[in-house]
Amino acid sequence: MNASAPRAVPEYALQAIRRLIEEEGYRPGDALPSQRDLAERLGVSRASLREALSSLSALGLVSVQAGKGVFVQEAPKAEATGAFVWPFAAQVSAADTFQLRFALEGFACGLAAGVMTAEELDILEDNVEQMRRELRAENFEQATRLDFEFHQRILAASGNQAMFTLVTSSADIFLESQKLPFIRPERAMETWQEHRKILKALARHAAGSAQKAMQQHIRAAALRTGIAFATLGD
């Protein structure tokens, strides 16, 4: 792998496959090389390749057909491909931001599950219900604010002031990462569904389930944006 490749291997593979399709003139319906050949060509593991292909499939750029192969699909319009401008590129990449959130917020959610009060849970429940209404109305700006508030309240409830301060001091960066998944309006309700799952785990005071639900949510949000990042389990 090129030494300048991003640290998040699945994201590197995703971008490399997009370049391959563009530079080698693949057209809709064309089959890409086998997954084994792609993994060898890109110098990545089969697991990282599968994650990259899953993201590209979610974006509508490829179709992964079991037993047949990977096929290029008709490229959607730019606004539907997950293409975006990340305004903080000079400071930190979007992939690194999601990766940090995966680690930090997952841990904080587990802590919060053990100490969250009934009042705090009621506030989160109201937040989740408001998000449902805003998403149905396609008011994505307000939905993003509610999304950010949901995550901030969980961080605050965790009792770890260092983590809460880190997020609030870089609020613009974290808020921008929460806007990104809404570039695909047809999948916006997935955020609400994932928040409901997190809330249910918090209400049960199940630390392990809460941490897992938060990490699954952040990883899924990144994939809706077209970003895959590595974790210790990869």
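Structure: above.
Predicted model only: the values in this text are computed from it and were never measured.

**Student:** Can you walk me through the pairing of strand E2 (residues 69–72) in this structure?
**Tutor:** Each regular strand displays side chains that alternate between the two surfaces of the sheet. The side-chain alternation of E2 yields one buried face, formed by Val70 and Val72, and one unburied face, formed by Gly69 and Phe71. In the sheet, strand E1 (residues 62–65) pairs with E2 via four bridges, with the strands oriented antiparallel. Each bridged residue has a counterpart across the sheet, and for Val62 the counterpart in E2 is Val72. Where E1 hands over to E2, the hairpin turn is made up of three residues, of which Gly67 adopts a positive phi near 80°.

**Student:** So what exactly am I meant to see when it comes to unusual backbone geometry here?
**Tutor:** With the exception of glycine, the majority of residues adopt a negative phi angle, and the majority of peptide bonds are in the trans configuration. Positioned with a positive phi, Glu138 is a non-glycine residue whose angle comes to about 60°. Residue position: Glu138 is located in the loop between helix H5 (118–136) and helix H6 (140–158). At His205, a position not held by glycine, the phi torsion is positive, near 55°. Relative to the helices and strands, His205 is located in the loop between helix H9 (189–203) and helix H10 (207–225).

**Student:** Looking at this structure, I do not really get H9. What am I missing?
**Tutor:** An α-helix turns once every 3.6 residues. As a result, residues three or four positions apart point the same way. Taking 1.5 Å of rise per residue, the 15 residues of H9 would be expected to cover 21 Å, and the 21 Å separating its terminal C-alpha atoms lies within 8% of that figure. For H9, the full list of buried residues reads Thr191, Trp192, Glu194, His195, Ile198, Leu199, Ala201 and Leu202. Packing partners of the buried residues in H9 comprise helix H4 (94–115), H5, H6 and H10. Immediately downstream of H9, the backbone of His205 shows phi near 55°, a positive value.

**Student:** Where do I start with helix H8 (residues 171–179) in this structure?
**Tutor:** When H8 is considered as a whole, its buried residues turn out to be Ile173, Phe174, Leu175, Glu176, Ser177 and Gln178. Among the structural elements, H4, H6 and helix H7 (161–169) are those in contact with the buried residues of H8.

**Student:** What's the story with the environment of Asp147 in this structure? I'm lost.
**Tutor:** By secondary structure assignment, the location of Asp147 is in helix H6. For Asp147, a relative accessible area of 4% gives the class buried. Here the alpha-carbon distance between Asp147 and Thr191, two residues 44 residues apart in the chain, equals 8.4 Å. The contacts of Asp147, once residues within four sequence positions are left out, are Met131, Gln178, Phe182, Thr191, His195 and His217.

**Student:** Which parts of the structure should I look at to understand the packing of aromatic side chains?
**Tutor:** Applying the stated rule across the entire model yields one aromatic pair. Ring geometry for Trp86 and Phe88: centres 5.6 Å apart, planes at 70°, overall edge-to-face. For Trp86, a relative accessible area of 10% corresponds to the buried category. With relative accessibility at 15%, the residue Phe88 sits in the buried group.

**Student:** Honestly, the nonpolar core in this entry has me stumped. Any pointers?
**Tutor:** Within soluble globular proteins, side chains that are nonpolar generally end up buried alongside one another. One finds Phe98, Leu135, Ile154, Ile198 and Leu202 to be the most contacted residues of the largest nonpolar core, which totals 38 residues. If you list the elements that add at least two residues to this core, you get H4, H5, H6, H9 and H10. Counting residues per element, this core draws most heavily on H4, which supplies seven residues. Not counting the four nearest positions on each side in its chain, Leu202 is found in contact with Cys109, Ala112, Ala113, Met116, Leu121, Leu124, Ile154 and Ala210. Counting 20 residues, the second-largest nonpolar core is a separate cluster that includes Ala13, Ala52, Leu56 and Val70.

Calculation notes
Residues numbered from 1 in each chain as written. Predicted model: local features only at pLDDT ≥ 70, side-chain atom pairs only at ≥ 80, totals over all residues. Heavy atoms only, no water. Buried < 20%, exposed > 50% of the residue type's maximum accessible area, 1.4 Å probe, protein only. Helix = DSSP H or I, 4+ residues; strand = E, 2+ residues; numbered from the N terminus. Pairing = 2+ DSSP bridges. Expected span 1.5 Å × (residues − 1). Contact = heavy atoms within 4.5 Å. Phe/Tyr/Trp six-rings, centres within 6.5 Å; stacked < 30°, edge-to-face > 60°. Core = buried A, V, L, I, M, F, W, Y, C linked by side-chain atoms within 4.5 Å.

By themselves, these figures tell us nothing about what the structure is for.
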